[in-house]
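Structure at a glance
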Number of protein chains: 2
Amino acid sequence: MQDKVVVAVDAMGGDNAPVEIVKGAVDAVNKSNLIKIKLVGIADVVEEELKKYTYDKSSIEVINATEVIATEEPPVNAIRKKKDSSIVVAMNLVKNGEADAFVSAGSTGAVLVGGQLIIGRVKGVERAPLAPLLPTKKGVSLLIDCGANVDARPSHLVQFARMGSIYMENVMGVKNPRVAIVNNGAEEEKGNALVKATFPLLKNCTDINFIGSIEAREIPSGYADVIVCEAFVGNVILKLYEGVGMTLVAMIKEGLMGSLRSKIGALLVKPALKNTLKSFQTEEHGGAPMLGLNGLVVKSHGSSKAIEITNSIMQCITFKEQQINEKIKENLINED
Amino acid sequence: MQDKVVVAVDAMGGDNAPVEIVKGAVDAVNKSNLIKIKLVGIADVVEEELKKYTYDKSSIEVINATEVIATEEPPVNAIRKKKDSSIVVAMNLVKNGEADAFVSAGSTGAVLVGGQLIIGRVKGVERAPLAPLLPTKKGVSLLIDCGANVDARPSHLVQFARMGSIYMENVMGVKNPRVAIVNNGAEEEKGNALVKATFPLLKNCTDINFIGSIEAREIPSGYADVIVCEAFVGNVILKLYEGVGMTLVAMIKEGLMGSLRSKIGALLVKPALKNTLKSFQTEEHGGAPMLGLNGLVVKSHGSSKAIEITNSIMQCITFKEQQINEKIKENLINED
């Protein structure tokens, strides 16, 4: 038991809860015996779902939580008032050392607030960023920060750069990851006040491979592995990525229905087109880690199906094995 | 002559200058006798190009300018030092009332700097924003500001909203255009410091149809006609639009070459696909106006061909006819 990674899973969070979440948890323990899951939610409902599957009963424990936080609830209020919600109960498991990590497809706001208020930050970490993986032409890049705390300071961005670099190197296996800061031009004199103040600090970081500015146009081409920005800009990038992709796909589909010729062609290209478009969807690439907390929090997309939940759970194994939090602590202490 | 719109055109600016620029100018005067063009650039070169075409000689005048500003030159320096460049000479024509408008596919930085330093802002306008049209599922939206001046103040954003609204209503013919501010969430309490300070000011504007926040995901769907943001964020949106589009198209093309089946299909869908993708390219929708100046400046995409130059020139007719600058002046005076 001592080597297992204990993951608390929010059985009630996301558009497809509890069905897909429970399935994802079962698939994870059937895939790896390194995983032990604490499935948190309304016990009756969760147990009813679990009955459908065959798995090693000792690998999944159901923890009762009678309340559910909805996506549209104001997060700070929800975390404070709903003490018996799946998110709060699961986060307390991480806080008390009864779980190593927490996976949720529920309210992003509540997960972010709970992470800071309940689990708490690693000593020395000023802000805990949310860092989704963006699909690119070459694979994926880590976009850090897309969290709820906007108007970051230069020192925050420097910590984001370091934590993101550790994550990409150790969890995603990218050697010497290229770190870039989002800017409105490639030249060093470009930028708003925040970027101008941060740029020289990043240049002086000896522990990261800082390659300078990245213009938004270059993000999808995979020009950098770690893309550093303040959360407001990160939110715009993440959501525009999804928006342009979705709209373009819808327009292409509509366009192909315009003539008989293209309709026939559409039938032939469908499988290839589907594969390409799938690889470019942000939710296809596992959950977004919230870094710098005393434990790992993985935010899975709200529309997650079982496969994404399983992937998010598997991510936690590498995170623990690679001792990411220990590396973040060391790194921040060494440099400060 | 008194009713003609006089447009100074930068014959030397852009990737395809002077060939496509000169062709675009000729096409414009052949299309509308309301246009008179002052084609600014190295006279020998421009005249040599003009020889290729048939047109009413009185409608195009060549103005000699011996210098050229390259895209990579630092803009402030270039505008100050290259007094005989096509951009500086053409902008002086607008300043001195010898032209109503200026169209350039040259250095965006130099055009923005020159607009402010040479032509100057309409009295009461605090900042002159650059406002490109973004393709959406429903048509186009005006993204304001994508200029060079970042870290705007709330009062700037309010002026952008008003000027953008006037432009969309009068030049693009959108009745009662919906104005939204880019935000990291749909709820009113969301936002960074700038957005939070600007939101109530926009809500109080009686002269615009303010519909609240817009998340980046909704931009491509055409949820708003005028999209207000600070220039750093605007730059990220504009460039990411181009980047995601370009990468997705490249990946689709590559994906279709993967099997014989999809290769055959690709041949059949090619024309339909091409049309759809074309309608989603930012450079397809005419030049970006720089608003709030004593005269109109239209920045055409660097890769502009003749057709885009012609479109940018035609835009100037409506701008003058609709007395946009007079409306901006009135509007700002009435409200302040």
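Conventions and cut-offs
Residues numbered from 1 in each chain as written. Chains lettered and ligands numbered in written order. Predicted model: local features only at pLDDT ≥ 70, side-chain atom pairs only at ≥ 80, totals over all residues. Heavy atoms only, no water. Helix = DSSP H or I, 4+ residues; strand = E, 2+ residues; numbered from the N terminus. Rg over C-alpha atoms; globule rule 2.2 N^0.38 Å. Buried < 20%, exposed > 50% of the residue type's maximum accessible area, 1.4 Å probe, protein only. Contact = heavy atoms within 4.5 Å. Least-squares fit on C-alpha atoms with pLDDT ≥ 70 in both. Pairing = 2+ DSSP bridges. Axes fitted to C-alpha atoms, helices over the stretch in contact; angles between N-to-C directions. Buried area = accessible area lost by both parts, 1.4 Å probe. Salt bridge = Lys/Arg side-chain N within 4 Å of Asp/Glu carboxyl O. Polar contact = N/O pair within 3.5 Å; in protein donor to acceptor, adjacent residues only side chain to side chain. Nonpolar A, V, L, I, M, F, W, Y, C, P; charged D, E, K, R; others polar. Core = buried A, V, L, I, M, F, W, Y, C linked by side-chain atoms within 4.5 Å. Expected span 1.5 Å × (residues − 1). Disulfide = S-S within 2.5 Å. pLDDT = per-residue confidence, 0-100. Parallel < 35°, antiparallel > 145°, perpendicular 65-115°, else oblique. Left-handed = near helix turned anticlockwise from the far one by under 90°. Phe/Tyr/Trp six-rings, centres within 6.5 Å; stacked < 30°, edge-to-face > 60°. Lys NZ or Arg CZ within 6 Å of the ring centre and 35° of its normal.

What follows covers the overall build of chain A. In terms of helices and strands, chain A carries 11 helices and 11 strands. Its C-alpha atoms give chain A a radius of gyration of 21 Å, near enough to 20 Å, the size a compact globule of 336 residues would have. The principal-axis extent of the C-alpha atoms belonging to chain A is close to 65 × 60 × 35 Å. When each of the 336 residues of chain A is scored for burial, the buried share is 59%. Of the contacts made within chain A by residues no fewer than 6 positions apart, 72% connect residues no fewer than 24 positions apart.

Our next topic: the relation of the copies chain B and chain A. With an RMSD of 0.0 Å, chain B superimposes on chain A once it is rotated by 180° and translated 0.0 Å along the axis. In short, the pair behaves as if placed about a two-fold rotation axis. Rotation axis and chain B: the residue whose C-alpha lies nearest the axis is B:Gly265, separated from it by 2.0 Å. Mapped onto chain A, 100% of the interface residues of chain B are again interface residues, and the two copies thus contact each other with one and the same surface.

Residues and elements named next belong to chain B. If you walk across this open sheet you meet the six strands as S3-S2-S1-S4-S11-S10, and the pairing is mixed. Looking at which strands have only one partner, the edges of the open sheet turn out to be strand S3 (60–64) and strand S10 (288–290). Ignoring which end each strand starts from, the neighbouring axes of this sheet average 25° apart. When strand S4 (residues 101–104) meets strand S11 (residues 296–299), the two strands line up parallel, connected through four bridges. Note on S11: the bridge partner recorded for Ala 101 is Leu 296.

Turning our attention to the interface of chain B and chain A. Between chain B and chain A, the contact holds 52 residues from the first and 52 residues from the second. Buried surface at the junction of chain B and chain A, both sides included, amounts to about 4,900 Å², of which 74% is carbon and sulfur. Among the residues of chain B in contact with chain A, B:Arg217, B:Phe232 and B:Leu240 are the three that bury the most area, contributing 14% of the side total. In this structure, the connection of chain B to chain A is made through four salt bridges. For B:Glu242, the salt bridge goes to A:Arg217, with nearest N and O atoms at 2.9 Å. The tally of links from chain B across to chain A stands at 10 residue pairs in polar contact (both at pLDDT 80 or more). Only helix H7 (193–203), helix H8 (231–256) and helix H9 (260–279) of chain B provide two or more residues apiece to the side of chain B that touches chain A. Of all the elements, H8(B) adds the most residues to the side of chain B that touches chain A, at 21 residues. Across the side of chain B that touches chain A, the residue classes break down as 30 nonpolar, 14 polar and eight charged.

This paragraph deals with the nonpolar core. For soluble globular proteins, nonpolar side chains are generally found buried alongside one another. Formed by 187 residues in total, the largest nonpolar core has its most connected members in A:Ile237 and B:Ile237. When near neighbours in sequence (up to four residues on either side) are disregarded, B:Ile237 contacts A:Val236, A:Leu240, B:Leu134, B:Leu143, B:Val182, B:Ile219 and B:Cys229.

Moving on to helix H9 (residues 260–279) of chain A. When the terminal C-alpha atoms of H9(A) are compared, their 28 Å separation across 20 residues agrees well with the 28 Å that a helix rising 1.5 Å per residue should span. Every buried residue belonging to H9(A) is among A:Ser262, A:Gly265, A:Ala266, A:Val269, A:Ala272, A:Leu273, A:Thr276 and A:Leu277, and all of these are buried. Buried residues along H9(A) sit in contact with helix H8 (231–256) of chain A together with H8 and H9 of chain B.

Bringing the state of the cysteines into the picture now. Residues and elements named next belong to chain A. Summed over the entire model, instances satisfying the criterion amount to zero disulfides over all chains. Unpaired in terms of disulfides, Cys 205 finds its nearest cysteine sulfur in Cys 229, a separation of 16 Å. The class of Cys 205 is buried, set by a relative accessible area of 8%.

Across chain A, the average pLDDT comes to 92, with 97% of residues at 70 or higher. Predicted as a complex, the structure gets a pTM of 0.92 and an ipTM equal to 0.90.

Take the packing of helix H1 (residues 19–31) of chain A against helix H10 (residues 306–321) of chain A next. All names here are of chain A. Axis separation between H1 and H10 bottoms out at 7 Å; the angle between their running directions is 50°. With respect to each other, H1 and H10 are oriented oblique. At the point where H1 passes H10, the crossing takes the right-handed sense. Along its contact with H1, which presents Glu 20, Ile 21, Lys 23, Gly 24, Ala 25, Asp 27, Ala 28 and Lys 31, the element H10 presents Ala 306, Ile 309, Thr 310, Ile 313 and Met 314.

Moving on: the side chain of B:Glu49. Take B:Glu49: it is sitting in helix H2 (residues 43–50). If we skip the residues at most four places from it in the chain, B:Glu49 touches B:Pro18, B:Val19 and B:Val22.

Turning our eyes to something else, we now look at the packing of aromatic side chains. Summed over the entire model, instances satisfying the criterion amount to four aromatic pairs over all chains. Consider the rings of A:Tyr167 and A:Phe319, whose centres lie 6.2 Å apart with planes at 45°: the pair is tilted. On the criterion of sequence distance, the pair formed by A:Tyr167 in helix H6 (residues 154–170) and A:Phe319 in helix H10 is long-range, its members being 152 residues apart. The exposure class of A:Tyr167 is buried, given its relative accessible area of 1%. Summarising the aromatic geometry, the rings of B:Phe199 and B:Phe210 are spaced 5.2 Å apart at their centres and angled 75° between planes, so their arrangement reads as edge-to-face. In this pair, B:Phe199 sits in helix H7 while B:Phe210 sits in strand S8 (residues 209–214), placing the two residues 11 residues apart along the sequence. Given a relative accessible area of 8%, B:Phe199 falls into the buried group. Sitting over the face of the ring of A:Tyr55, A:Lys57 holds its NZ or CZ atom 4.1 Å from the ring centroid.

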